[in-house]
Amino acid sequence: MEGDAADEEAEVPPEPTTEPGWVRREVAYRGISRRLAAHYLENLGGELVDTDDPAAATRVDGEGWRATLDAAKVTAAASITLTEVTVSFAGEESVLDELLPKFERKAMRAGG
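Residues numbered from 1 in each chain as written. Predicted model: local features only at pLDDT ≥ 70, side-chain atom pairs only at ≥ 80, totals over all residues. Heavy atoms only, no water.

Draft legend 1. Quick look at the packing of aromatic side chains. Enumeration according to the criterion identifies three aromatic pairs in this entry. With a centroid separation of 6.2 Å and 65° between ring planes, the pair formed by Y29 and F103 is classed as edge-to-face. Of the two residues, Y29 is situated in strand β1 (residues 23–30) and F103 in helix α3 (residues 93–110); the sequence distance between them amounts to 74 residues. The class of Y29 is buried, set by a relative accessible area of 11%. The class for F103 is buried, based on a relative accessible area of 0%. Where F89 meets F103, the ring centres are 5.8 Å apart and the plane angle is 70°; that geometry is what we call edge-to-face. Here F89, found in strand β5 (residues 80–91), pairs with F103, found in helix α3; they are 14 residues apart in sequence, far enough to count as distant. (Phe/Tyr/Trp six-rings, centres within 6.5 Å; stacked < 30°, edge-to-face > 60°. Helix = DSSP H or I, 4+ residues; strand = E, 2+ residues; numbered from the N terminus. Buried < 20%, exposed > 50% of the residue type's maximum accessible area, 1.4 Å probe, protein only.)

Shown next, in the form of structure tokens:
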């Protein structure tokens, strides 16, 4: 499991802003880092906003979509904690319908 100090230190980002006709979707995965989630979004055509460091990324923008990333430690069982990354998407519905399954395949393969 990849734990980055920046995962716990960054401020919780606001939901991504929307354009007229855009929809919102949210997914959460345990066992991956914000750095890895940002890297996956970059591989899917997104660009980091306000940073060049995926570990510090709280927003990624792509063509027809935006995403904000938040990471928090959560208790999985008794004394076991994992990082849970929540990605809030806003975008054109047809774009998100294509983007989310691709992102989910990458996140599920890496996550626990």
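Draft legend 2. Representation of unusual backbone geometry. Positive phi values are uncommon outside glycine, yet D50 reaches one of about 70°. Its place among the elements puts D50 in the loop between β2 (47–48) and β3 (59–62). Residue class for D50 comes out exposed when judged on its relative accessible area of 80%.

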